[in-house]
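# Commentary on secondary and tertiary structure
Here are the chains, one letter per residue:
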Amino acid sequence: MSLRGKAAIVGIGETPVDRLGSKPGEPRKSTAEYLSWAVRLALEDAGLTKKDLDGQGLAAIYTTNHSQPFWPEEAANILGIAPAVSLAGGNGGASGVSLLGHAAAMIDAGIVDLILVVSAAAPFSEHGRSRAEPADTRDFEMPFGVMGPNCKISFVMSRYMHESGMTAEHFGKIAVTARYHATLNPDAYLRKPLTLEEYKNSRLISDPIRLYDCVLPANGGKAYIIASRERAKTLRRPPVYLLGWGERNNASAGPRSNANPLITGIRESGKTAFEMAGVSHKDIDLLALYDDYIPIVMLQIEDLGFCGKNDREFFEKTDFTIKGDLPIQTGGGMINCGQPSTTGGMLHVIEVVRQLRGEGGGRQVPDAKYGITTGLGAVNYGKNFGCTAAAILGKNP
Amino acid sequence: MAEVKTEIPKPLPEITPITQSFWEAAAKRRLLMQRCSDCQSWVWCPRPACVECGSEKLAWTPVNGRGRVFAFTVIREVVGRALRGFAGDIPYVTAWIDLEEGPRICSNIVQCPIEKVTIGMPVEVVFEEAGRGIFLPKFRPQ
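Residues numbered from 1 in each chain as written. Chains lettered and ligands numbered in written order. Predicted model: local features only at pLDDT ≥ 70, side-chain atom pairs only at ≥ 80, totals over all residues.

## Digging into the overall build of chain A
Looking only at helices and strands, one finds 13 helices and 11 strands in chain A. Taking 397 residues into account, the globule formula puts the C-alpha radius of gyration at 21 Å, and chain A, at 20 Å, falls close to it. Seen along its three principal axes, the alpha-carbon backbone of chain A occupies a region of about 55 × 50 × 45 Å. Taking all 397 residues of chain A together, the buried fraction comes to 60%. (Helix = DSSP H or I, 4+ residues; strand = E, 2+ residues; numbered from the N terminus. Rg over C-alpha atoms; globule rule 2.2 N^0.38 Å. Buried ≥ 20, exposed ≤ 12 C-beta atoms within 10 Å, placed from the backbone.)

So, in structure tokens, the structure goes:
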């Protein structure tokens, strides 16, 4: 089944991110407040009201610090809407991109013609809640002092450097580019220019991962509204069409007990998205890649087929800025705009919508027609990401 | 109020029906992994059925405990409340070790100065008691 041009994003909403609650005595906001706030912004953007969502679709993404099994229902209850279909985003940071396809399929099947996708998290304000871990993590990683994703992605990065010969210069170039774009984005959290020297001198967290390789945890809420092509034409904003989409979970490049951790499921999800969209790599005007860590951005550029594996020369020669050959992370990415847990993955979808609407301001990619975005979630034992999704969005159907 | 010094415990594995054989063997300083009797694939971490062919005929099979460091990291900061018990160990090395038989295991490199750890380094298993009768398979240079 092709979802090409069947649905479009018609509204986006993003609260500012903050780290309220990280210091004792600071005022705090709950997950519910960020959720409600993001939805209000998305509805205002789309020119819709809460009433328009009754009898339509709701998709709510589970977050790590506020997860209970009936979360989509609690989200509907917080908002005061009565969905005709509720979807749950259970793919972690990949959910924002995964749900683009799940929602478009529901719309294409004629079940509903609007779906609100929302996510919010307040890890600093609602700390202290316990989180459940997958059994492999609980039994075979945590007892050895594996410090979560920092440590697991360090394994991947150490192997990547070993096999490819990539150095701090290569990773630093990506970090500096993303921060440069953040300086042009009034909504970014980290906006002070970053130099290659500052990147290289940043402290080691989990060798070879440095501070500036890591995403910035934050509180915040994000939402988008996706509509059928017909409904989209009646609304106030220029629709941004879903042209291609793919998802691949629990990928394993090689035997499951001994996989190549440098190949991600993005290789398959990206391929599916390109085939559905019917566009080629040279058509793509910008990449908005899931960026919990800098080396992961590079592995995805490889796995999407913009270059070969371990292609040092490509990373040295290519200008990844908005003025360059292959603009990436045009708003600064999660690394500079903050990661409110699994909500972080919504950032890149929203950035592509802004660029394709021509609302990028000082960071606008000239005449952007096609953008690709990715989402990643969970880091599996001995491999890389458990959940992956890719989507190609376009200005025209 | 007098300050009470309490040691923060490190997390231990939960012993489940699927993992019980592994931990019982580890307590006897033996490293076992599941192997599929039908397709001969190694299965790690423990699973109810073969993740390659679906067969439920999995046999706990000894491995010789030797392998090479596939990737590693030096942990320099504690992240998350659950792992605060490791604060006193920092810096320490966690690694992926590819065993000679094939499976990749996540563990620590011990009895080796941090700066001497390299990718490709030959290592062998050594069991360390972690409490509650649980022995963790760790790895030292061969």
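What follows picks up the thread again.
## Observations regarding the overall build of chain B
From N to C terminus, chain B includes one helix and eight strands. Moving toward the C terminus, one meets the helices and strands of chain B in the order α-β-β-β-β-β-β-β-β. When its C-alpha atoms are laid out on the principal axes, chain B stretches across 60 × 35 × 25 Å. Relative to its full complement of 142 residues, chain B shows a buried share of 33%. For chain B, the proportion of contacts with a sequence separation of at least 24, taken over those separated by at least 6, is 51%. (Contact = placed C-beta atoms within 7 Å.)

## What to know about the nonpolar core
Residues A:Ala103, A:Leu116, A:Tyr224, A:Ile226 and A:Leu242 are the most contacted members of the largest nonpolar core, which totals 156 residues. Each of two domains, domain 1 (17–62) and domain 2 (64–142) of chain B, supplies a minimum of three residues to this core. The residues contacting A:Leu242, other than those within four sequence positions of it, are A:Leu3, A:Ala7, A:Ala8, A:Leu100, A:Ala104, A:Ala391 and A:Leu393. (Core = buried A, V, L, I, M, F, W, Y, C linked by C-beta atoms within 7 Å. Domains from an automatic or database assignment.)

## Considerations on the sheet that holds strand β1 (residues 32–36) of chain B
Residues and elements named next belong to chain B. Read across the open sheet, the three strands follow the order β2-β1-β3; overall the sheet is antiparallel. Of all strands in the sheet, those with a lone pairing partner are β2 (42–43) and β3 (58–62), marking the two edges. Looking at chain direction, β1 and β2 are connected through two bridges and run antiparallel. By the bridge assignment for β2, Arg-35 is matched with Trp-42. (Pairing = 2+ DSSP bridges.)

## Some details on the interface of chain A and chain B
If you look at the interface, chain A gives 29 residues, while chain B gives 41 residues. Residue assignment for the side of chain A that touches chain B shows that the elements contributing at least two residues are α4 (135–140), α5 (148–164) and β5 (204–206) of chain A. If you tally residues by element for the side of chain A that touches chain B, the top one is α5(A), at eight residues. Residue classes in the side of chain A that touches chain B are distributed as 12 nonpolar, 10 polar and seven charged. (Nonpolar A, V, L, I, M, F, W, Y, C, P; charged D, E, K, R; others polar.)

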